[in-house]
Amino acid sequence: MDAPDVLDLWDLRVRHQPDAPALVTPDRVLTHRSVDRLTDAWAASLAGRGAGPGRLVGLAFADPGRTVLGMLAALKAGAGFTVLDDRLPAAARDSLVRRTEAAVWLGDGAHAPAAAYVPDGAAGGAATGEGAGAADAGGHPVRPPARAAGHDVAYVLFTSGSTGQPKGTLIERDSLRRFAAAVAERLELAAGDRWLQVASLGFDVLIEEVFPALVAGAAVVCRADTRALDAEELHTMIARTGTTVVELSTQYWLEYARWLDARGLTTPAGLRLVVVGGERMDPRPYRDWQARQPARLAHVYGLTECTVSSTFYTGLLPADAREVPLGTPLRDVEISVRRDGRPVPQGEWGEIHIGGPLLARGFLDDAAATARRFVPDPLSAVPGARVYTTGDLGRIDADGNLVFLGRLDDQVKIRGHRLEPARVERALCEDPAVEQAVVFPDPTTGTVLWAFTVPADPERAPLPGEAVRLTAAERDALVAPLEEQLPDWAVPRVLYRVSVLPKNPHGKIDKRRLSDWAAVVTGTAATGTGAGRTVPGSPATAGTAATGDPGPGGEPLSTVLGLFREVLGAPELGPDDDFFERGGQSLIAMRLLARLREFLPSAAGLRASALLRCPTPRLLAAALATAGPQAVTDRPQAAAGPREAGPQEAGQQAAGLPR
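Residues numbered from 1 in each chain as written. Predicted model: local features only at pLDDT ≥ 70, side-chain atom pairs only at ≥ 80, totals over all residues. Heavy atoms only, no water.

Chemist: Would you take a moment to explain the overall build of the protein chain for this structure?
Modeler: Counting its secondary structure elements, the protein chain contains 19 helices and 28 strands. The long-range share in the protein chain, meaning contacts at least 24 apart out of those at least 6 apart in sequence, stands at 66%. If you sum the accessible surface of the protein chain, you get close to 27000 Å²; carbon and sulfur atoms cover 53% of it. (Helix = DSSP H or I, 4+ residues; strand = E, 2+ residues; numbered from the N terminus. Contact = heavy atoms within 4.5 Å. Areas by Shrake-Rupley, 256 points an atom, 1.4 Å probe, with all protein chains shown as cover.)

Chemist: It is not clear to me how the nonpolar core should be interpreted in this structure. Could you clarify?
Modeler: For soluble globular proteins, nonpolar side chains are generally found buried alongside one another. By size, the foremost hydrophobic cluster in this structure holds 81 residues, and its most contacted members are Phe81, Ile207 and Phe211. Per-element accounting of this core gives the leading share, eight residues, to helix H6 (residues 205–216). Formed by 34 residues, the second largest nonpolar core is a distinct cluster that contains Val29, Tyr252, Met281 and Leu297. (Core = buried A, V, L, I, M, F, W, Y, C linked by side-chain atoms within 4.5 Å. Buried < 20%, exposed > 50% of the residue type's maximum accessible area, 1.4 Å probe, protein only.)

Chemist: Can you help me understand the sheet that holds strand S24 (residues 434–441) in this one?
Modeler: Hydrogen bonds between backbone groups are what pair the strands of a sheet, and the pairing can be parallel or antiparallel. Spatially, S24-S25-S27-S26 is the arrangement adopted by the four strands of the open sheet, whose pairing is mixed. At either margin of the open sheet sits one strand with a lone partner, and together these are S24 and strand S26 (468–469). Pairing of S26 with strand S27 (residues 494–497), which is carried by two bridges, proceeds in the antiparallel orientation. For Val468, the partnering residue across the bridge sits in S27 and is Arg497. (Pairing = 2+ DSSP bridges.)

Chemist: Looking at this structure, I do not really get the packing of helix H1 (residues 6–16) against helix H5 (residues 173–186). What am I missing?
Modeler: Think of two packed helices as two axes; the pair is described by the angle between the axes and how far apart they sit. The N-to-C vectors of H1 and H5 enclose an angle of 45°; their axes lie 8 Å apart at closest approach. One element, H1, and the other, H5, form an angle in the oblique class. Listed contacts from H5 to Val6, Leu7 and Leu9 of H1 are Arg173, Leu176, Arg177 and Ala181. A class-by-class count of the residues in the contact of H1 with H5 yields five nonpolar, no polar and two charged. (Axes fitted to C-alpha atoms, helices over the stretch in contact; angles between N-to-C directions. Parallel < 35°, antiparallel > 145°, perpendicular 65-115°, else oblique. Nonpolar A, V, L, I, M, F, W, Y, C, P; charged D, E, K, R; others polar.)

Chemist: Explanation requested: the packing of aromatic side chains in the structure shown.
Modeler: Evaluated as defined, the whole model comprises 14 aromatic pairs. With a centroid separation of 5.5 Å and an interplanar angle of 55°, the aromatic rings of Trp253 and Trp289 are classed as tilted. With a gap of 36 residues between them, Trp253 in helix H8 (residues 250–263) and Trp289 in helix H9 (residues 283–292) connect regions that are remote in the sequence. We classify Trp253 as buried; its relative accessible area is 0%. Taking 5.9 Å as the distance between ring centres and 85° as the angle between the ring planes, the aromatic pair formed by Phe564 and Phe579 counts as edge-to-face. Of this pair, Phe564 sits in helix H15 (residues 554–568) while Phe579 sits in the loop between H15 and helix H16 (586–599), and the two are 15 residues apart along the sequence. This pair shows no difference in class: Phe564 is buried, exactly as Phe579 is. An aromatic cluster of three or more residues is present, and its members are Trp253, Tyr256, Trp259 and Trp289. (Phe/Tyr/Trp six-rings, centres within 6.5 Å; stacked < 30°, edge-to-face > 60°.)

Chemist: Any chance you could explain helix H4 (residues 90–100) here in plain terms?
Modeler: Note that an α-helix has 3.6 residues per turn; residues three or four places apart therefore point the same way. Among the residues of H4, those classed as buried are Arg93, Ser95, Leu96, Arg99 and Thr100. Along H4, the residues classed as buried sweep out an arc of 160° about the axis, all on the same side. The outward face of H4, more than 90 degrees from its buried face, is lined by the exposed residues Ala91 and Arg98. At the C-terminal side of H4, Glu101 shows a positive phi close to 50°. (Arc of directions from axis to C-beta.)

Chemist: Teacher, can you tell me more about the environment of Asp476 here?
Modeler: Its place among the elements puts Asp476 in helix H12 (residues 472–485). By relative accessible area, which is 39% here, Asp476 ends up partly exposed.

Chemist: What should I look at first to understand the side chain of Thr82 in this one?
Modeler: The residue Thr82 is located in strand S4 (residues 80–83) in this model. Among the residues examined, Thr82 registers a relative accessible area of 3% and is labelled buried. Only 2.8 Å separates the side chain of Thr82 from the backbone oxygen of Val156, close enough to count as a polar contact. With residues up to four places along the chain from it excluded, the contact list for Thr82 reads Val57, Gly58, Leu59, Thr100, Trp105, Val156 and Phe158. (Polar contact = N/O pair within 3.5 Å; in protein donor to acceptor, adjacent residues only side chain to side chain.)

Chemist: Would you explain H9 in this entry?
Modeler: Within H9, burial applies to Pro283, Tyr286 and Trp289. The buried side chains of H9 occupy one side of the element, clustering within an arc of 130° when seen end-on. Packing partners of the buried residues in H9 comprise H8, strand S11 (273–277), strand S12 (296–301) and strand S13 (311–313).

Chemist: Just to check I follow, could you spell out the environment of Leu303 for this structure?
Modeler: In this structure, Leu303 sits in the loop between S12 and S13. It is 9.7 Å that separates the C-alpha atoms of Leu303 and Leu359, two residues lying 56 residues apart in sequence. Setting aside its immediate chain neighbours within four residues, Leu303 contacts Asp204, Val308, Ile354, Tyr388 and Thr390.

Chemist: Got a minute to help me understand the pattern of salt bridges in this structure?
Modeler: If charged atoms from side chains of opposite charge come close, those side chains can pair. Inspection of every chain in the model, using the stated rule, returns 35 salt bridges. Linking Asp261 and Arg292 is a salt bridge whose minimum nitrogen-to-oxygen distance equals 2.8 Å. Of this pair, Asp261 sits in helix H8 while Arg292 sits in helix H9; the two residues are 31 residues apart in sequence, bridging distant segments of the chain. Residue classification places Arg292 among the partly exposed residues on the basis of a relative accessible area of 45%. Across the pair Glu474 and Arg460 runs a salt bridge, and its minimum N-O distance is 3.1 Å. Highlighted residues: Glu474 in helix H12 and Arg460 in the loop between strand S25 (449–455) and S26, separated in sequence by 14 residues. When salt bridges with common partners are traced through the structure, they connect Asp11, Asp36, Asp40, Lys76 and Arg143 into a single cluster. (Salt bridge = Lys/Arg side-chain N within 4 Å of Asp/Glu carboxyl O.)

Chemist: I would appreciate a short explanation of the packing of H1 against H6 in the present structure.
Modeler: Two elements in contact, H1 and H6, have axes whose closest approach is 7 Å; the angle formed by their N-to-C orientations is 50°. Our classification of the angle between H1 and H6 gives oblique. Taking contact as the criterion, the partners of Val6, Leu9, Trp10 and Arg13 in H1 are, on H6, Phe211, Leu214, Val215 and Ala216. Here the contact of H1 with H6 is composed, by residue class, of seven nonpolar, no polar and one charged.

Have a look at this one:
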């Protein structure tokens, strides 16, 4: 008897709830029956063009809804799929297209390869274009007969490539089936749930947003395009669409939490669960959320190479917890903590290893990298068992939860002792006055730890690009608790306060820039202590903000320029420098918009799309000064939700999702 396939779980839902929502778009809601018939037609077209087991279908749509349909259709054709992120530079896109060697490309976006197409659909949903398949007695297309095996590829997605060329990870169909079912089980997904899709297309979280919902009979809620939502847009869309589950990166979630707190709001009534992961989580905002917000939190940990997520923590964080656990493994996931290849006792640190049937087959056309990271597991009784070496440090706590301790390659040596800086950073952040912290050895001798802290109170922050060295009582107040829990060599002896932790182009904290800021400090904190922060654009900073000949009408340009410099951590930024070329990205854009709204009444209705049209301080300031946010912002979508489309009507949509 053949092993079940991920499509078997989908087919079960179509039979049991054909008229229940499966895909929600800004235009309408498609039922399970409608999505099934439409993707059968697409699959027939794909099969006619050579898609099948062992081959890939490339997806390059301009909207997430069609991407979801394309993923399902590719699997129905027996093929796997890959998704081309529309935000990649052209050279990177071309490279991925060449490497995947997809049999066929679907897409209609400007980033799509020239050969990409959108399958046709006629009345009733039957395919009419090249490769049209057979139809049943009702005129509906029949799914291609190709039956893929569990070991056939389900999808290939690429890592970020921050340390080299992006690696394509091959996930098999059996792994996808097991993963989707396990997540649906752990999060108790049901037919009434709606999961909002917000991850970048091409990022593996997309898989987690789509397939657990589909196999559980829930609906996937899609945006009109791939544009990032700011906190206010996210909140509005959750409420408008009846979203019950959403997954956010740690920093995105923090931005949303700050936005809610600043306005005295709670999450929309229908939202029951927010899945958060991607970076280490500080316990304080986690506990604050649990005390103020009705929506529950699920802390998640995983890697692309292990089919997205491996562990979930869904409990209430105890008041004395010093870490937010990563939780316990999903069904079919094996977690162990090892040092020098051997398991360590419970509570001790080691490298996190992941095993079980959710492991990827390996990396696309890279046998050497596959062999390095997917290694034989000598501790398993299963013949041929492998384990993935994550490079992450962790431990198993007394409750059986995995706890993240940092990266193996982030360890440093101080006076002969090996130290994980994250341990010290966590200790610093336990002080209510500290929002963020980074610790590293001084760049000259490497024998003393430096610490840079961002104050929780913005009024305490120095000017952007400045570092204030802490002395006397302020330094002692931060150091004293550390001296009680850490050895002497692990306690930072030189501490600075900054307004932001700058990032390099790879999104990592730019320690070299922090060192440069510290280099200009005279050694005393007599000036520029930040005890009372100067507002950007005020007389005290107008001269600095005007650097670069801003022209007449310093306000609001001086304010806008000062805030650009602040959020980008770039005090030298000029009025004509491009936000995105200077390292700006969606989360930084959210922070910039929030700061602009604080200082400029004309920015009250500003949206993230404004930065795409006006990416420099001068352009944005001019638009705000002349016509307000409406000059640079799209018209908001109507508050009403999408109307329901029955199976007859939905089957008549010519290309699946009307524009």
